[in-house]
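# Structural overview for review
Each chain is listed here by its residues.
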Amino acid sequence: MSQSPENILEVEQLITSFETDHGLLRAVDHVSFSVPAGKTVGIVGESGCGKSVTAMSIVRLLPQPAGKILGGHVYFKGQDLTHASDLEIRKIRGGDIGVIFQEPMAALNPVHRIGRQVAEVFRIHKKLSKKDAWAAATEMLELVRIPAPEKRMMDYPHHLSGGMRQRVVIAMALACRPSLLIADEPTTALDVTVQAQILDLMGRLQSEIGMATILITHDLGVIAETCDEVVVMYAGRVVEQASAEELFSNPLHAYTKGLLHSIPTLETPSKSVLNTIPGMVAALADLSHGCRFCQRMGRTAPVTRERPKFAEVSPGHSVEICPECYQPT
Amino acid sequence: MTHPLLSVKDLRVHFPVRAGVLLRQTGAVRAVDGVSLDIAPGETLGLVGESGCGKSTLGKALVRLLKPTTGTILFDGSDITHASQSSLRPLRRNIQMIFQDPAESLDPRMSVRAIIEEPSAIHGIGTRAERIQWVNSLLDRVGLPVSSAERYSFEFSGGQRQRIGIARALALKPKLIVCDEPVSALDVSVQSQILNLLVELQRDFGLSYLFIAHDLSVVKHVSDRVAVMYLGKIVELATAEEIYQNPRHAYTKALLSAIPSPDPMVKREKILLEGDVPSPIDPPPGSAFGHRMNYSRYEETIGMDLSLREISPGHWVAADPCCVSAEDWKKLS
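Cut-offs and rules
Residues numbered from 1 in each chain as written. Chains lettered and ligands numbered in written order. Predicted model: local features only at pLDDT ≥ 70, side-chain atom pairs only at ≥ 80, totals over all residues. Heavy atoms only, no water. Pairing = 2+ DSSP bridges. Helix = DSSP H or I, 4+ residues; strand = E, 2+ residues; numbered from the N terminus. Axes fitted to C-alpha atoms, helices over the stretch in contact; angles between N-to-C directions. Contact = heavy atoms within 4.5 Å. Buried area = accessible area lost by both parts, 1.4 Å probe. Salt bridge = Lys/Arg side-chain N within 4 Å of Asp/Glu carboxyl O. Polar contact = N/O pair within 3.5 Å; in protein donor to acceptor, adjacent residues only side chain to side chain. Phe/Tyr/Trp six-rings, centres within 6.5 Å; stacked < 30°, edge-to-face > 60°. Buried < 20%, exposed > 50% of the residue type's maximum accessible area, 1.4 Å probe, protein only. Lys NZ or Arg CZ within 6 Å of the ring centre and 35° of its normal.

Right, let's get into the sheet that holds strand E12 (residues 317-321) of chain A. Residues and elements named next belong to chain A. Pairing is mixed across the open sheet formed by eight strands, whose spatial order is E6-E7-E8-E3-E9-E10-E12-E11. Only two strands of the sheet have a single neighbouring strand rather than two, namely strand E6 (97-100) and strand E11 (309-314). Neighbour-to-neighbour, the strand axes of this sheet turn through a mean angle of 20°, independent of strand direction. In terms of strand pairing, strand E10 (residues 237-243) meets E12 through two bridges, oriented antiparallel. When the sheet's bridge partners are listed, glutamate 240 is paired in E12 with valine 319.

This is the structure we're talking about:
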């Protein structure tokens, strides 16, 4: 299938599996979504839902040799990344697709200076000379609003606070002005105040550079504030997808509703009983083919044994039509 | 207020900074720098602030896992500030703690039963058979099957592990539990289960909590009163309703505005803070927050007494001219 021109990324029926002691497990099971140019798409779900694996499959950063893409396509600007050679993918990763990971300390090398690590991106992708790369890196640090960038270039990662480190990681991801940024829980490890700074920064850079963003988070507040489109994942599958306004005002899947209702907000009465989703995300090995949320809720009716169809129920709003979990109000 | 369960006066916890060959003390990290607060029986006091503001240090000092530098801690009327390790033992029955990361606070080599039984065994409570009964009833109370007692903590998910940590904290029937970020490592759906459990246990056992967290919506949900901490000091203290409806200190306002709202229609005006919490080794001489924000009246605060004053009944705010509105400042000064 060809890509429509307004979408920079199209993920089609992606299947990613892991070789484990329990056999081959599908962490990502027929996932499809697209990212329009310049827009922000959020992927939300609990830990173990396959959010990160989906994102890492796009840039082929799966743990090796266990992780494999077994089917589907990822079209980035018309090129199928699932069939790209290692050399091609390495050029794109860090070049036209930037990646930010959750834990900035793990993404930075502790024994090299900040400057060298940011400059390295320019040396490799832009083939700049050492001097030019250093100057470009300083400029990048300035762009992400790190005070006194010349001085910071000489620091090691442990000299910086969590927020500053995340800024450095953002600087590295944005160094080549990518058209797509994949941010995997970029603010989860940070304080709310620093989170607000980082989200504000990402928002501004996004409009300056004109890039699209895939934002992975479990914080629905962050999703509501930053995303245009939202993809809700549960146990390796997309259960609902809609624009942010639509999803928050009119959630249709029981899982989405459960997530939305379990967060306390400033408006929730104190010490009232919060809604909960019983149980937890089941281990993939224990799941059968049918509707996975029904399995968590302990529903065993025969209708739930078939995999529910994922269909568009109103323009731009798609949901898994499981007879139990699809709950239009 | 009735007789408080815990009363802290001008508590300071400083960590020495040593340098040079002789490791002479060259300075101090003023992690907690003059904190006073009370917790009433059955009350939850929420404690919020950014990383590095001294929340956890304060919590650890209250359970005496850290030695306070100066100040007093009164628990149920008796001074525990400088109590020796042996005299602390009876105290530990009454004050327990729940930690952020249940994976790190549970011994992987001990069965769940051993973990939960250990406090009672150390304190010599009951016979072996009674303790087995007690562990079973605790497991049931925190929502775990009794069969989990013979398993090991790593076999459980994060939420279940936190339940084990809660059962251990309850084992000695304490009066006060210091909860240090008990839900921040959990998914939202599991987080709400644990919050419900904590609220239920409080109602059933009349527990008091010191609830330390950086998630302000969570703190609002569980707390009766909330203290906002900045660089080792409390800058505002009021009932949960009051502090969220009517924040007076600039830092509280900034913290509240930073919470992302789970409603795309609500677009709150954000107050973006510049930079990070300054170093507690070398804190600015005047108003720490005024210094960070470069407020125009910062110079005035140098050498000024910035301690908490009551601006309206039960609402305490730091008497800091650069962080409160001009109108509030008139009331305070």
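Read on for the rest.
Of the residues lining the interface, 46 residues belong to chain B; the matching set on chain A comes to 42 residues. Between chain B and chain A lies a buried interface of about 3600 Å² when both sides are counted; carbon and sulfur atoms form 57% of it. Looking at the side of chain B facing chain A, the largest losses of area belong to Val188, His221 and Pro262 of chain B, adding up to 17% of the total buried there. Taken together, the connections running from chain B to chain A amount to one salt bridge. With a shortest N-O distance of 3.1 Å, aspartate 224 of chain B and lysine 271 of chain A are connected by a salt bridge. Here chain B and chain A share 13 residue pairs in polar contact (both at pLDDT 80 or more) between them. Mapped onto the side of chain B that touches chain A, the elements with two or more residues apiece are helix H7 (188-205), helix H8 (216-222), helix H9 (240-245) and helix H10 (250-258) of chain B.

Glancing now at the packing of aromatic side chains. All names here are of chain B. Tallying each qualifying case throughout the model produces eight aromatic pairs over all chains. When the ring of tyrosine 230 is compared with that of tyrosine 251, the centres are 4.5 Å apart and the planes differ by 55°; the resulting orientation is tilted. Here tyrosine 230, found in strand E9 (residues 225-230), pairs with tyrosine 251, found in helix H10; they are 21 residues apart in sequence, far enough to count as distant. Just as tyrosine 230 is buried, tyrosine 251 falls in that class too. On the basis of an interplanar angle of 65° and a centroid distance of 6.2 Å, the ring pair of phenylalanine 289 and tyrosine 295 is categorised as edge-to-face. On the basis of relative accessible area, tyrosine 295 is assigned to the partly exposed category, the value being 26%. Here a set of aromatic residues connected by ring pairs shows up, and it is made of Tyr230, Tyr251, Phe289 and Tyr295. One residue, lysine 173, lies across the ring of tryptophan 134, its end atom 5.2 Å from the ring centre. Seen from the ring of tyrosine 244, lysine 220 lies directly overhead, with NZ or CZ sitting 5.9 Å from the centre.

Keep in mind these numbers describe shape, not what the thing actually does.
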